[in-house]
Amino acid sequence: MAGQANNSVIGLSGIGVSNTESTQSTATVTGTAAQVSVNNPNAISRLFINLSADNIFLLTDPSVSTINGIFLVANGGYFNTKSWEDFGLTGLPWYAVSSGISSGLMIVETTVNN
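Residues numbered from 1 in each chain as written. Predicted model: local features only at pLDDT ≥ 70, side-chain atom pairs only at ≥ 80, totals over all residues. Heavy atoms only, no water.

This next bit is on the pairing of strand β7 (residues 94–98). When you tally the buried positions in β7, you get 5 out of 5 residues, the bulk of the element. As paired elements, strand β4 (residues 56–59) and β7 share 4 bridges and run antiparallel to each other. Bridge pairing in β7 links Leu58 to Ala96. (Buried < 20%, exposed > 50% of the residue type's maximum accessible area, 1.4 Å probe, protein only. Helix = DSSP H or I, 4+ residues; strand = E, 2+ residues; numbered from the N terminus. Pairing = 2+ DSSP bridges.)

As structure tokens, then:
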């Protein structure tokens, strides 16, 4: 049922998508760039939420740094990518770095199950 509710919201039922699943995970981000999500061609949406008091920076490349990346402000900054708007960007691997020593990053990924 949850998959059907998601499909009606994002408009995928009209193109034959009937089975989606959302998973939530938390990554610890440090001052050294590290991969926080893997390549997933079935991903249709990814939401990144900064849970820490430090700034976090995201990029689809390991060269992410505090001056090169998508800026997530401390205490709730977020970034969302959706395949129907951002195309292949959604399923790429993502890397993150923090301005602090140890920062929490929540990742919610929605995938299509064939």
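A separate point is the sheet that holds strand β8 (residues 103–112). Judged by pairing direction, the sheet is antiparallel, and its 4 strands sit side by side in the order β1-β8-β3-β6 without closing on themselves. With partners counted over all chains shown, the strands left at the sheet margins are β1 (20–29) and β6 (78–82), one partner each. Strand-to-strand twist in this sheet, taken as the mean axis angle between neighbours without regard to direction, amounts to 15°. (Axes fitted to C-alpha atoms, helices over the stretch in contact; angles between N-to-C directions.)

Looking now at the nonpolar core. Core analysis: the biggest nonpolar cluster contains 12 residues, these being Ala27, Val29, Val36, Phe48, Ile56, Leu58, Leu72, Phe79, Trp94, Ala96, Leu105 and Ile107. Those elements giving two or more residues to this core turn out to be β1, β4, β7 and β8. Here Ile107 is in contact with Thr23, Gln24, Ser25, Ala27, Val36, Leu47 and Phe48, once residues within four sequence places are set aside. (Core = buried A, V, L, I, M, F, W, Y, C linked by side-chain atoms within 4.5 Å. Contact = heavy atoms within 4.5 Å.)

Glancing now at the sheet that holds strand β2 (residues 34–37). Taken in spatial order, the 4 strands line up as β2-β7-β4-β5 in an open sheet, and their pairing is antiparallel. If you trace the sheet from one side to the other, it starts and ends with β2 and β5 (70–72), each paired once. The mean angle between the axes of side-by-side strands here comes to 35°, regardless of whether they run parallel or antiparallel. Relative to β5, β4 is paired through 3 bridges, and the arrangement is antiparallel. Residue Phe57 lies in a different strand from β5, and its bridge partner there is Phe71.

Of note, Ser25 is situated in strand β1. Since its relative accessible area comes to 35%, Ser25 is described here as partly exposed. Beyond its immediate stretch of four places on either side in the chain, Ser25 contacts Leu105, Met106 and Ile107.

Time to look at the environment of Glu109. Topologically, Glu109 is positioned in strand β8. With relative accessibility at 14%, the residue Glu109 sits in the buried group. Separated by 19 residues in the primary sequence, Glu109 and Thr90 place their C-alpha atoms 9.4 Å from one another. Dropping the residues within four chain positions of it, Glu109 is found in contact with Glu21, Ser22, Thr23, Asn40, Ala43, Ser45 and Arg46. Of note is the side chain of Glu109, whose polar atom sits 3.2 Å from the side chain of Asn40. (Polar contact = N/O pair within 3.5 Å; in protein donor to acceptor, adjacent residues only side chain to side chain.)

Scope: geometric values only; no functional claims are made or implied.
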